[in-house]
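Now for the letters of each chain:
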Amino acid sequence: MNIVLFDIDDTLTRSQSIDDEIYLRSLSEVFGFVDVCRDWASYRHTTDSGILREVFDRHLGRAPTAAEVAAFRGHFVAAIAAESRRTPFRQIPGADRVLSHLSRLPDHGVGLATGGWKDSARCKMRSAAIHHEAIPCAAADDA
């Protein structure tokens, strides 16, 4: 069996730049964190949850509490959803067609893997009109 995994941001959907903008804005709005390094490659774990932990450590010298993670995640996902209603995310041309085709092949398994949280990733996929509900997804919240 062949396994084909797809990232979401800027692989299936045109969403990375708005995701970055909303993530940084949410850090400021929820926690007052400004001057956050936006070079995601400089973080040890380049996932939504990993970056949040490292930003907390850099600003406060500690990890976020479960309540703080939940507050941030809720704010961020709500902002992604609101943006998708204002301006729907666009799919990379042919993304839905490729996923559909590969999913029908008997010798292929298809999956999604993202450093984002699953609910924001699924929101972007729905907004971009990519049929993804039956495709397994590994996301930052699975770690």
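Rules of the game
- Residues numbered from 1 in each chain as written.
- Predicted model: local features only at pLDDT ≥ 70, side-chain atom pairs only at ≥ 80, totals over all residues.
- Heavy atoms only, no water.
- Phe/Tyr/Trp six-rings, centres within 6.5 Å; stacked < 30°, edge-to-face > 60°.
- Helix = DSSP H or I, 4+ residues; strand = E, 2+ residues; numbered from the N terminus.
- Buried < 20%, exposed > 50% of the residue type's maximum accessible area, 1.4 Å probe, protein only.
- Lys NZ or Arg CZ within 6 Å of the ring centre and 35° of its normal.
- Salt bridge = Lys/Arg side-chain N within 4 Å of Asp/Glu carboxyl O.

Colleague: Quick question: what am I supposed to make of the packing of aromatic side chains here?
Modeller: The description of two aromatic rings rests on the distance between their centres and on the angle between their planes. Taken as a whole and judged by the stated rule, the model has 11 aromatic pairs. Relative to Trp-117, the ring of Phe-76 lies with its centre 6.0 Å away and its plane at 65°, an arrangement referred to as edge-to-face. Of this pair, Phe-76 sits in helix H3 (residues 66-86) while Trp-117 sits in the loop between strand E4 (108-113) and helix H5 (118-127), placing them 41 residues apart in sequence. This pair shows no difference in class: Phe-76 is buried, exactly as Trp-117 is. Pairwise contacts between aromatic rings join Tyr-23, Phe-31, Phe-33, Trp-40, Tyr-43, Phe-56, Phe-72, Phe-76 and Trp-117 into one cluster. Geometry around Tyr-43 places Arg-58 over its ring, the cationic atom sitting 4.4 Å from the centre.

Colleague: Would you explain the pattern of salt bridges in this entry?
Modeller: A side chain with one charge may pair with a side chain of the opposite charge, provided their charged atoms come close. A complete count under the given rule lists 10 salt bridges for this structure. A salt bridge links Arg-73 to Asp-119; the shortest N-O distance between them is 3.1 Å. Of this pair, Arg-73 sits in helix H3 while Asp-119 sits in helix H5; the two residues are 46 residues apart in sequence, bridging distant segments of the chain. For Arg-73, a relative accessible area of 22% corresponds to the partly exposed category. The partly exposed category is assigned to Asp-119, whose relative accessible area is 32%. Lys-118 is the partner of Asp-142 in a salt bridge, and the nearest nitrogen-oxygen pair spans 3.5 Å. Residue Asp-142 is found in the segment after strand E5 (137-138), and its partner Lys-118 is found in helix H5; the two are separated by 24 residues along the sequence.

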